[in-house]
Amino acid sequence: MTDPTTPDQTAVADPRRAIYRRWRAQRFAEVVGQDPIVNTLRRAVATDRIVHAYLFVGPRGTGKTSTARILAKAINCLNRGEDGEPCDTCAACVAIRDGRALDVIEIDAASHGLVEDARDLVMRALTAPADLRRRVYIIDEVHMLSPHAFNALLKLIEEPPDHVVFILATTDTHRVPPTIISRTQRHDFRRLPTDVIAAKLTRITSAEGVTADPEALELIARLADGGMRDAESLLDQVMAYAGDRVEESSVRDAVGLADEEAIGGLLDVLVAGAAPDALQRIADLSDAGRDLGQVAQQLETEGRRRLLTVAADAASARRLAAVLRATSEAGTAGAREGRARLLLELIAIDVGSPLPVTASVAKPATEMSPVQRSAEPPPKKPATPRAASVAPPPALGPVATPVESAPAAEIPAAKPSPAPVVPNGERPSLETIRGRWGEVVERASPVVKPLIKECRPYQLDGARLTLAFPEGREFLRGRVVERSRA
Ligand SMILES: [Zn+2]
């Protein structure tokens, strides 16, 4: 089943892709987790009912391109089985497998969305195949084609030359014109279940002579989130790190994943609003070499799991939901842009205010931001009709530099209670906040400190505190705006 003969230089040069390339399915029987599609295609080949255009839809790494190539082989195989399976050994199959077949044309629309290519596509499609029975176009990420290219493609699909088959693949059907979709036979590839991925990883490791704990492969399978290609790349990465003995801990170390206890502990303190403890734990995880983008995602996963168990307890569920909302942002945006640590620290500060809050704005709980909700001592939640004196959130949008920290009440500060990051309750004066701004800054971590140190309590209008951010800190400003409107 392994095919080490594929003369693919990149497979040699890039060890991270070696397993994926070597274990790529070469026949219908080797495609995992997509049985209904494979069976349909195999039957179509066997009964000679190949259509002119197929649309393969599904998440990345679920076998769309591999299946497209196998279909191209099956269509052109010189020695095809009764069941529609390509032999994978005849000249046509081998040429296609090695990427040498002139009549199997793979186009990555993500990098070829241009008009010239569209024209070229039409011209070439009209000529007869050079060496195979039928010419097969495999257009990957077809949603990325330019409008011109789509038009050219549409014309071809409307009146396809007999010798041409199009296999269009996409992760995003919403961006494929309906006129194209309606002229194709659509197949939806599903995310692979964890056990299916783990089973293939087990086959791979035993064939490669690697000792792997089932828990380790299970973890890789879960991390791959339904994509076999990601799972195989991850396995490569772990093997490069751990050698021939793959354990769960080596998977965690290789991908910078924190263990479940650490995640559970961090989530506990976040939900409890214990900011200093949370900041310390974030620093510890970072020092231990954990990828904080991953940590945010782990927090989200664990939080979602808990949400199901605490759903009956509305208060806990709401606090947890607030943390979840924040961590899911940190997990996606943060991981992508390499500032997950900062985002996590901001969450810790947001959800946990150690500063005293003496009263709370009577605002419906469902509308309260994570900041306000978590800062609220639950037993003291006042049911007094404070709402009467509460002004509606300011209608004005944020101006260029200053930013409202949160919509709040027009209640004059009666008692010094500087809570500029938790703008609810009775309000201190602007001078008090300015005077004690250093305390707020001091509680922040080394990463956050310089950022909020640079902003200044700018204006206090009733209970509306405006922070001034220096130029070039739009990111932080954006975060505060988002938060205040959450
Ligand atoms: Zn063949």
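Just above, that's the structure.
Now for a quick tour of the structure. (Residues numbered from 1 in each chain as written. Predicted model: local features only at pLDDT ≥ 70, side-chain atom pairs only at ≥ 80, totals over all residues. Heavy atoms only, no water.)

1. Regarding the coordination of the zinc ion
- Coordination sphere of the zinc ion, protein contribution only: Cys77 (SG), Cys87 (SG), Cys90 (SG) and Cys93 (SG), at 2.2 to 2.3 Å.
- If you look at the zinc ion, its 4 donor atoms make angles of 103 to 118° with each other, and the shape they trace is tetrahedral.
- When the donors of the zinc ion are listed by position in the chain, the intervening gaps give C-x9-C-x2-C-x2-C. Of this pair, Cys77 sits in the loop between α4 (64-76) and α5 (91-97) while Cys87 is found in the loop between α4 and α5, placing the two residues 10 residues apart along the sequence.
- Judged by its relative accessible area of 2%, Cys77 is buried. (Donors = N, O, S within 2.8 Å, 3.2 Å for Na, K, Ca; no water. Tetrahedral: all angles 85-135°; square planar, octahedral: opposite > 155°, others 65-115°. Helix = DSSP H or I, 4+ residues; strand = E, 2+ residues; numbered from the N terminus. Buried < 20%, exposed > 50% of the residue type's maximum accessible area, 1.4 Å probe, protein only.)

2. Quick look at the sheet that holds strand β1 (residues 53-57)
- What the 5 strands build is an open sheet, ordered β2-β3-β4-β1-β5; its pairing is parallel. A strand with exactly one partner marks an edge of an open sheet, and here the two such strands are β2 (104-108) and β5 (185-188). Taken pair by pair, the neighbouring strands of this sheet meet at an average axis angle of 15°, ignoring direction.
- Bridging between β1 and strand β4 (residues 164-170) involves 5 bridges; their strand directions are parallel. Opposite Leu55, over in β4, you have Leu168 as the bridge partner.
- Docked against the sheet, helix α7 (residues 147-158) engages β1, β3 (135-140) and β4, running at close to 135° with respect to β4. (Pairing = 2+ DSSP bridges. Axes fitted to C-alpha atoms, helices over the stretch in contact; angles between N-to-C directions. Contact = heavy atoms within 4.5 Å.)

3. Overview of the packing of helix α9 (residues 194-207) against helix α11 (residues 228-242)
- As a packed pair, α9 and α11 sit with axes 10 Å apart at the nearest point and diverge in direction by 40°. Taken together, the axes of α9 and α11 are oblique relative to one another. The interaxial crossing formed by α9 with α11 has right-handed handedness. Contact with α9, carried on its side by Val196, Ile197, Lys200, Leu201, Ile204 and Thr205, involves Met228, Ala231, Glu232 and Leu235 of α11 and no other residues of that element. (Parallel < 35°, antiparallel > 145°, perpendicular 65-115°, else oblique. Left-handed = near helix turned anticlockwise from the far one by under 90°.)

4. Observations regarding the packing of aromatic side chains
- Summed over all chains, the structure comprises 3 aromatic pairs.
- Three or more aromatic residues link up through ring pairs in this structure, and these residues are Tyr54, Phe56 and Phe189. (Phe/Tyr/Trp six-rings, centres within 6.5 Å; stacked < 30°, edge-to-face > 60°.)

5. A word on α11
- Taking 1.5 Å as the rise per residue, α11 with 15 residues should run 21 Å; its terminal C-alpha atoms sit 20 Å apart, in good agreement.
- Turning to α11, its buried residues are Met228, Ala231, Glu232, Ser233, Leu234, Leu235, Asp236, Val238 and Met239.
- Here the buried face of α11 lies against α2 (18-22), α9, α10 (214-224), β7 (245-246) and α12 (248-255).
- Note on α11: the residue one or two positions beyond its end, Gly243, has a positive phi of about 75°. (Expected span 1.5 Å × (residues − 1).)

6. As for helix α3 (residues 35-46)
- Between the first and last C-alpha of α3 there are 16 Å, a value that for 12 residues agrees with the 16 Å anticipated at 1.5 Å per step.
- Residues of α3 that are buried include every one of Ile37, Val38, Leu41, Arg42, Ala44 and Val45, and no others. Burial along α3 is one-sided: seen end-on, the buried residues are contained in an arc of 160°. Facing away from the buried side of α3 by over 90 degrees, the exposed positions are Pro36 and Arg43.
- Buried residues belonging to α3 abut β1, α4 and β5. (Arc of directions from axis to C-beta.)

7. Regarding unusual backbone geometry
- With a phi angle near 60°, Asp48 is a residue other than glycine that sits in the positive phi range.
- Relative to the elements of secondary structure, Asp48 occurs in the loop between α3 and β1.
- By relative accessible area, which is 63% here, Asp48 ends up exposed.
- At Asp88, a position not held by glycine, the phi torsion is positive, near 65°.
- One can find Asp88 in the loop between α4 and α5.

8. Topic: the environment of Glu300
- As for its position among the elements, Glu300 is in helix α15 (residues 292-310).
- In this structure the C-alpha to C-alpha distance between Glu300 and Val323, which are 23 residues apart in sequence, comes to 8.5 Å.
- In this structure, Glu300 is in contact with Leu324, Thr327 and Ser328, ignoring residues within four places of it in sequence.

9. Quick word on the environment of Asp284
- Position of Asp284 among the secondary structure elements: in helix α14 (residues 275-287).
- Overall, the relative accessible area of 42% leaves Asp284 in the partly exposed class.
- Separated by 22 residues in the primary sequence, Asp284 and Ala262 have C-alpha atoms spaced 9.7 Å apart.

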